[in-house]
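Listed here are the chains, written in short residue letters.
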Amino acid sequence: MTQAMGRQSIFITGAASGMGRETARLFSQQGWFVGAFDVDRAGLEALQTELGADNCLVHALDVSDKGQFEAAIAAFSTATGGRMDILFNNAGIAMRGFFDEMPLEDQLRMIQVNLVGVLNGIYTALPLLKATPNALCFTTSSSSATMGMPLIAVYAATKHAVKGLTEALSNEFRRFDVRCADVLPGLIRTGMPAEDMLASAPPKGPFRVIEAIEVARTVWEAYQSETLHWFVPSELADLDKAAGNTPEQLRDKLGAHMKI
Ligand code: NAD
């Protein structure tokens, strides 16, 4: 008998904190077997203590390293008997600043983690997803994939890429009966946004502060659904529409709001 003992299973990157961690907790509470992967070993150990060693597999993983990803998927596959109901490619990093003032190395690192990391995950996990009925390939994009946001230009570019990739693969993977979807979160209270961003956030509207558990609930809902893009909060869908309909207007509004 495998460690997962026939339970449904989710593979989560960036699981040591923030929305990945909340998703691990929620799915575990629902009786799922959780594979939790991250570069933060201490965070993973704390999660394992909380969930119980029988209910999860924790494993160090830098998503930008294809070899490490293969080892992580192999360990997960052994634990679940080759089953993966959800691949949640969630790990990400963000660095803020004017494009021309940021070192190219930092920009390239964001591409390695936020985009190449996602590609590594999908390539490596696909055999398991194909082998699992009703599987879902789910990825964390961002509200910055509605319209490119100043000061996080390359971060936003990686999240646009994730959104486009999800749209394309959701059609391609019909051949395998594997669904694809993504979440576009606004401002979520995790370790990622700077303290001052959280403190100065508006109390209402699409960029109010949202708790990470809301994203976890969205992953749960997405598994029961065929919806492609999940906006958290849902009002962000209006921004997505505005970016499609009147991009110049939205660009100018954003620039004025950010005093650029
Ligand atoms: P977080 O910093 O709390 O969690 C991110 C996790 O990813 C951390 O545990 C970190 O150790 C891990 N990680 C970083 N680099 C890694 C790597 N190379 N390999 C494996 N793990 C790595 O932040 P979060 O907000 O929970 O971020 C989760 C996702 O949500 C990210 O993709 C982020 O871009 C996206 N996002 C966040 C917000 C927000 O406001 N917090 C909004 C939109 C999108």
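In this text, all values refer to a predicted model and were calculated from it rather than measured experimentally.

Right, let's get into the environment of Ala135. Within the secondary structure, Ala135 sits in the loop between α4 (104-130) and β5 (136-140). The spatial distance from the C-alpha of Ala135 to the C-alpha of Leu87 is 8.2 Å, given a sequence separation of 48 residues. Apart from residues lying up to four places away in sequence, Ala135 is in contact with Met84, Asp85, Leu129, Asp177, Val178 and Arg179.

What follows concerns helix α1 (residues 18-29). Relative to the 16 Å expected for twelve residues at 1.5 Å per residue, α1 spans 17 Å between its end C-alpha atoms, a close match to the ideal helical length. Burial within α1 is extensive, with nine of its twelve residues counted as buried. Gly31, located one to two residues past α1, shows a positive phi value of around 90°.

Moving on, we get to the packing of aromatic side chains. Under the defined criterion, the tally for this structure stands at eleven aromatic pairs. Seen from their ring centres, Phe27 and Trp220 are 5.1 Å apart, and the 65° between their planes marks the pair as edge-to-face. In this pair, Phe27 sits in helix α1 while Trp220 sits in helix α7 (residues 212-223), placing the two residues 193 residues apart along the sequence. Assessed through its relative accessible area of 0%, Phe27 is described here as buried. Its relative accessible area of 26% is what places Trp220 among the partly exposed residues. When the centroid spacing of 6.1 Å and the interplanar angle of 65° are considered together, the rings of Trp32 and Trp220 count as edge-to-face. Residue Trp32 is located in the loop between α1 and β2 (33-38), and its partner Trp220 is located in helix α7; the two are separated by 188 residues in the primary sequence. On the basis of relative accessible area, Trp32 is assigned to the buried category, the value being 4%. One aromatic cluster is present, formed by Phe11, Phe33, Phe37, Phe69 and Phe76 through successive ring pairs.

Quick look at the packing of α4 against helix α5 (residues 153-172) now. Relative to each other, α4 and α5 sit at 15°, their axes nearing to 8 Å. Between α4 and α5, the angle is such that the two are roughly parallel. The interaxial crossing formed by α4 with α5 has right-handed handedness. Facing α4, whose interface residues are Gln107, Met110, Ile111, Asn114, Leu115, Val118, Leu119 and Ile122, α5 presents Val154, Tyr155, Thr158, Lys159, Ala161, Val162, Leu165 and Leu169. Partitioning the contact of α4 with α5 into residue classes produces twelve nonpolar, three polar and one charged.

What helix α9 (residues 247-257) keeps buried is the set Leu250, Leu254 and Gly255. All buried residues of α9 lie within an arc of 135° about the axis, which places them on one face of the element. Summarising the geometry of α9, the exposed residues directed more than 90 degrees from the buried face are Gln249, Lys253 and Ala256. For α9, the secondary structure elements touched by its buried residues are α8 (236-245). In the stretch just after α9, Lys259 is the one whose phi turns positive, near 55°.

Close to the ligand lie 30 residues; Ser17, Asp38, Asn90, Tyr155 and Thr190 are nearest. Within the contact set of the ligand, an oxygen atom lies 2.8 Å away from a backbone nitrogen or oxygen of Asn90. Take Lys159: an N or O atom from its side chain is 2.9 Å from an oxygen atom of the ligand. Burial of the ligand by the protein chains amounts to 92% of its free accessible area of 830 Å². Contributions of two or more residues to the shell around the ligand are made by α1, α4, α5 and β7 (187-189). Counted by class, the shell around the ligand contains 14 nonpolar, eleven polar and five charged residues.

With that out of the way, let us pick up the sheet that holds strand β1 (residues 9-13). Within the open sheet, the seven strands sit side by side as β3-β2-β1-β4-β5-β6-β9. Their pairing is parallel. The sheet is open, and its two edges are formed by β3 (56-60) and β9 (229-232), each paired on a single side. Taking the axes of each pair of neighbouring strands and ignoring which way they run, one obtains an average angle of 15° across the sheet. In this fold α1 packs onto β1, β2, β4 (86-89), β5 and β6 (179-185), with an angle of close to 165° to the strand it touches most, β1. Docked against the sheet, helix α2 (residues 41-51) engages β2 and β3, running at close to 175° with respect to β3.

In this section: unusual backbone geometry. Between Val232 and Pro233 the backbone carries a cis peptide bond, its omega angle lying at 5°. With respect to the helices and strands, the residue Pro233 is situated in the loop between β9 and α8. Despite not being glycine, Leu151 has its phi angle at roughly 75°, a positive value. You can see Leu151 is positioned in the loop between β5 and α5. The phi dihedral of Asp177 is positive, around 60°, even though this residue is not glycine. Following the sequence through the fold, Asp177 ends up in the loop between α5 and β6. Looking at Asp177, the relative accessible area reads 57%, which means it is exposed.

What counts as what
- Residues numbered from 1 in each chain as written.
- Predicted model: local features only at pLDDT ≥ 70, side-chain atom pairs only at ≥ 80, totals over all residues.
- Heavy atoms only, no water.
- Helix = DSSP H or I, 4+ residues; strand = E, 2+ residues; numbered from the N terminus.
- Contact = heavy atoms within 4.5 Å.
- Expected span 1.5 Å × (residues − 1).
- Buried < 20%, exposed > 50% of the residue type's maximum accessible area, 1.4 Å probe, protein only.
- Phe/Tyr/Trp six-rings, centres within 6.5 Å; stacked < 30°, edge-to-face > 60°.
- Axes fitted to C-alpha atoms, helices over the stretch in contact; angles between N-to-C directions.
- Parallel < 35°, antiparallel > 145°, perpendicular 65-115°, else oblique.
- Left-handed = near helix turned anticlockwise from the far one by under 90°.
- Nonpolar A, V, L, I, M, F, W, Y, C, P; charged D, E, K, R; others polar.
- Arc of directions from axis to C-beta.
- Near = heavy atom within 4 Å.
- Polar contact = N/O pair within 3.5 Å; in protein donor to acceptor, adjacent residues only side chain to side chain.
- Areas by Shrake-Rupley, 256 points an atom, 1.4 Å probe, with all protein chains shown as cover.
- Pairing = 2+ DSSP bridges.

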